[in-house]
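The chain contents come next:
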Amino acid sequence: QVQLVESGGGLVQTGGSLRLSCAASGRTFSSYAMGWFRQAPGKERAFVAAISWSGGRTGYADSVKGRFTISRDNAKNTVYLQMNTLKPEDTAVYYCAASPRVYSGSDSDKYAYWGQGTQVTVSS
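None of these values were measured; they are calculated from a predicted model.

Chemist: I would appreciate a short explanation of the overall build of the protein in the present structure.
Modeler: A tally of helices and strands in the protein yields 0 helices and 11 strands. Relative to its length of 124 residues, the protein is compact, with a C-alpha radius of gyration of 13 Å against a globular reference of 14 Å. Scored against the burial criterion, the 124 residues of the protein give a buried share of 46%. If you take every contact in the protein between residues at least 6 apart in sequence, the share linking residues at least 24 apart comes to 59%. Accessible area of the protein: about 6,200 Å², with a carbon and sulfur share of 45%. Of the side-chain charges in the protein, 13 are positive and 8 negative, and the distance between the mean point of each set is 6 Å.

This is the structure:
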């Protein structure tokens, strides 16, 4: 069982930056691939970024490539999402998720555990 708690969301102006954190419980965090997803009002949940259990492989949605960076610190049981050059269309609730696989990419069905989400609002 893995419990995930996101933090770091907030209100930022267009062009600004935020870093989201996702703290995981349990001693086997390093055995889980991790992902970030987001859901904007009136839209379906969408993939943002993913990272393998070791951190050696990452993947990004085209809409965030070059602006967002996913990373993890297995010693701290934490995964991060550094978001730069934020745009109003990045406004959403951001969720982290854990998958008992080496790497799960954008397939949300492969993620077994989800956090409660953190709101990111980008003002124009």
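So that's the structure; there's more coming.
Chemist: Is there a simple way to think about the pairing of strand 8 (residues 78-83) in this case?
Modeler: In the case of a regular strand, side chains alternate between the two sheet surfaces. With respect to burial, strand 8 is a largely interior element, 5 of its 6 residues being buried. Where strand 3 (residues 18-24) lies against strand 8, 6 bridges are found, and the strand directions are antiparallel. If you follow alanine 23 over to strand 8, its bridge partner there is threonine 78. Across 6 bridges, strand 7 (residues 68-73) lies against strand 8 in antiparallel orientation. The residue of strand 8 that forms the bridge with aspartate 73 is threonine 78. Following strand 7, the chain reverses through 4 residues before pairing antiparallel with strand 8; asparagine 77 in that reversal takes a positive phi of roughly 55°.

Chemist: Help me understand the layout of surface pockets, please; the structure alone is not making it clear to me.
Modeler: Take a probe with the size of a water molecule and roll it over the atoms, and the empty space left behind shows itself. Its volume calculated, the largest pocket comes out at about 160 Å³. Tallied by class, the residues present in the lining of the largest pocket amount to 4 nonpolar, 3 polar and 6 charged.

Chemist: I would appreciate a short explanation of the state of the cysteines in the present structure.
Modeler: The bond known as a disulfide is covalent and runs between the sulfur atoms of two cysteines. The final tally for this structure, using the stated rule, is 1 disulfide. A disulfide bridge connects cysteine 22 with cysteine 96, and the sulfur atoms are separated by 1.9 Å. Torsion about the S-S bond of the cysteine 22 and cysteine 96 cystine: about 45°, corresponding to right-handed handedness. Of this pair, cysteine 22 sits in strand 3 while cysteine 96 is found in strand 9 (residues 92-99), placing the two residues 74 residues apart along the sequence. With a relative accessible area of 0%, cysteine 96 lands in the buried category.

Chemist: Would you explain unusual backbone geometry in this entry?
Modeler: Phi is mostly negative for residues that are not glycine, and the peptide bonds are mostly trans. In this model, asparagine 77 sits at a positive phi of 55°, which is unusual for a non-glycine residue. If you trace the backbone, asparagine 77 turns up in the loop between strand 7 and strand 8. The phi angle at threonine 85 is positive, at roughly 50°, despite the residue not being glycine. Looking at the secondary structure, you find threonine 85 in the loop between strand 8 and strand 9.

Calculation rules
- Residues numbered from 1 in each chain as written.
- Predicted model: local features only at pLDDT ≥ 70, side-chain atom pairs only at ≥ 80, totals over all residues.
- Heavy atoms only, no water.
- Helix = DSSP H or I, 4+ residues; strand = E, 2+ residues; numbered from the N terminus.
- Rg over C-alpha atoms; globule rule 2.2 N^0.38 Å.
- Buried < 20%, exposed > 50% of the residue type's maximum accessible area, 1.4 Å probe, protein only.
- Contact = heavy atoms within 4.5 Å.
- Areas by Shrake-Rupley, 256 points an atom, 1.4 Å probe, with all protein chains shown as cover.
- Lys, Arg positive; Asp, Glu negative; His and termini not counted.
- Charge placed at Lys NZ, Arg CZ, Asp CG, Glu CD.
- Pairing = 2+ DSSP bridges.
- 1 Å grid on protein atoms, 1.4 Å probe; cavity = no way out; pocket = protein on both sides within 12 Å on 5 of 7 lines; lining within 4 Å.
- Points joined across faces, edges and corners; volume = space filled by probe spheres on them.
- Nonpolar A, V, L, I, M, F, W, Y, C, P; charged D, E, K, R; others polar.
- Disulfide = S-S within 2.5 Å.

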